[in-house]
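Observations on chain architecture
Residue-level listing of the chains:
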Amino acid sequence: MDALAQAVREAPATARPQLDLELRGIRKRYGGFTAVDGVSLKVPKGRFVCLLGPSGCGKTTTLRCVAGLEDPDDGDILIGGKEATRDPPWERDIAMMFQDFALFPHMTVAKQVGFGLEMLKKPKAAIAERVKQVLASFEIAQLADRKPANLSGGQRQRVALARAMITEPRILLLDEPIGALDYSLRETVMLELKLLQQRTGISFIWVTHDQNEAFSLGDLVVVMNHARIEQQGSPEEILQRPATAFVASFVQGNNVFHGRVVRAGDGLLLVETACGSFLVPGRGPTIGSEVSFSVRAELITDLLADPHLNRLAARCTAVEYFGSLRRHVFERPDGEVMKVDQFGAYAARIVAGQRVELGWRPQDTVLHTGSAE
Ligand code: ATP
C-alpha cells in the first residue's frame, strides 16, 4: 500500500482546507418517519471517524447523505469546505465501500479497480498504469484477471478497498466494511485499514454497531441513538465520561443508576436511587432533580477502604473468566444487573451465589450531563 500512501503524501498541503467534512443539522425523513434528526458533525483533516450505534439509529442513512445517495430534507453538507449538499455522488471528493463490497460480478479485478478512473474519463494508458500501481500496493497484482466469484472474502475486501482508494478521495465512507469477513481475519484487516488511513491522511467515516471496532479504530467516535447524536468525542472521552444514560449503558462495562438529588453542595451531590444513596461529583443539578450516573465495572471493588464511600450489597449471580479479566455479574437490589471487573486475578475472590459488600469512590462516579455534541 506504500505507493498509494506516497502519492497522497506528496499532494500539496495547501490543497486541503481544515475540515474534511462538516454536517450542519442534517435531517432525513422517509414518509412520517425521521431516520436522521438534526445531525451536526465536524471532521478535521485526516481523521478516523466511527459512527457507532444500535441497529436502525440512522448511521447508514447519515453516511448515504454524505455519499449523495440520499437527499437530506434539511441541513448542509460541506466536503473540504465546499458546499456539496446537492452535488451528485461522482462530483463529491469521496469514495464508498459497502459491507458486501458491491463488486461487479462480470468484471475482472483490474477492470473494477480502474472503474472510478474510467468514470472520470482519464486516458486509457494512465488508467492502466495507475491500476498496476494500486494492485501492487494492495498486494493483489496476481489477482488482476480474476472475477469476484473466484476470490476469497479477504481478497474481495482488498479489491473493494483498492477500487475505492484509486481516485484518492478526500473521504472514504465505509459501511460495516469488515462485517462480512471471518472473525479470524477481522483484527488483521482492522489494523491494516488503520495503518492505511494514517499513512494516506484520507478521512475515514466508518459505520459500525461494534463498539470494539469503534474504540480501537476511531480518533473520533460518534454515538448515535434514535436518529440523533448522543455524544461525540475521543474513545477515552466516551468510555470515561459518558454524557447520557444511553451512552453509558450502550458502552460495555458501565453500571448505570437513576435517582433524585437529595443534597447538593461543594461540588458533590447526594443521589437517592432504588439501591441506596450515593455521592456523585456535580454542580449543575439542584435538589429534587432527576439525574443518572454511572460507574465503570473495573472501579468497583469488594476490597473496601475508607475512600469507597459509595457502598452497596448485592448477590453475585455469575462469574465470567476471560484470562486477564474476571467479570462478576451481580443482581442489584433494584433488579438491575451490576458488573464488577477484576484484572489480573488468577484466584477467584468472589463466587456465584455469594452476597458481597461492594464499593467505589465518589470521584469515580460520572454524572450524565446530557447530550455532549
Ligand atoms: P443498521 O446498523 O441496522 O444498518 P442504521 O443505524 O445504519 O442501522 P439506517 O439504515 O440508517 O440505520 O436506518 C435508520 C432508520 O431508517 C431505520 O428505522 C430504517 O428502517 C429506516 N430507513 C432506512 N432507509 C429507509 C427507506 N429507504 N425507507 C424507509 N425507511 C428507511
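The text that follows walks through the structure, step by step, so that each part is easy to find. (Residues numbered from 1 in each chain as written. Predicted model: local features only at pLDDT ≥ 70, side-chain atom pairs only at ≥ 80, totals over all residues. Heavy atoms only, no water.)

Section: the site of the ligand
Near the ligand, the surroundings consist of Tyr-30, Phe-33, Ala-35, Pro-54, Ser-55, Gly-56, Cys-57, Gly-58, Lys-59, Thr-60 and Thr-61. Gly-58 places a main-chain nitrogen or oxygen 3.0 Å from an oxygen atom of the ligand. With respect to the ligand, the side chain of Lys-59 contributes an N or O atom lying 2.9 Å from an oxygen atom. For the shell around the ligand, the elements supplying multiple residues, two or more each, are β2 (33–44) and α2 (59–67). At three residues, the largest contribution of residues to the shell around the ligand is made by α2. A breakdown of the residues in the shell around the ligand according to their chemical character gives five nonpolar, five polar and one charged. (Near = heavy atom within 4 Å. Polar contact = N/O pair within 3.5 Å; in protein donor to acceptor, adjacent residues only side chain to side chain. Helix = DSSP H or I, 4+ residues; strand = E, 2+ residues; numbered from the N terminus. Nonpolar A, V, L, I, M, F, W, Y, C, P; charged D, E, K, R; others polar.)

So, the sheet that holds strand β18 (residues 355–360)
One open sheet accounts for four strands, arranged β17-β16-β15-β18; its pairing is antiparallel. Where the open sheet ends on each side, the last strands, each with one partner, are β17 (337–343) and β18. The sheet shows a mean angle of 50° between the axes of neighbouring strands, taken without regard to direction. (Pairing = 2+ DSSP bridges. Axes fitted to C-alpha atoms, helices over the stretch in contact; angles between N-to-C directions.)

A closer look at the packing of aromatic side chains
This model, assessed by the stated rule, comprises nine aromatic pairs. With a centroid separation of 5.4 Å and 55° between ring planes, the pair formed by Phe-48 and Phe-204 is classed as tilted. Here Phe-48 is found in strand β3 (residues 48–52), whereas its partner Phe-204 is found in strand β8 (residues 203–208), with 156 residues between them in sequence. The buried category is assigned to Phe-48, whose relative accessible area is 0%. We classify Phe-204 as buried; its relative accessible area is 0%. Pairing Phe-48 with Trp-206 gives two aromatic rings, centres 5.6 Å apart and planes at 45°, and the pair type is tilted. Pair noted here: Phe-48 is in strand β3 and Trp-206 is in strand β8, with a separation of 158 residues, a long-range link. Like Phe-48, the residue Trp-206 is buried in the burial classification. Grouped by ring-pair contacts, the aromatic residues Phe-257, Phe-278, Phe-293 and Trp-360 constitute a single cluster. (Phe/Tyr/Trp six-rings, centres within 6.5 Å; stacked < 30°, edge-to-face > 60°. Buried < 20%, exposed > 50% of the residue type's maximum accessible area, 1.4 Å probe, protein only.)

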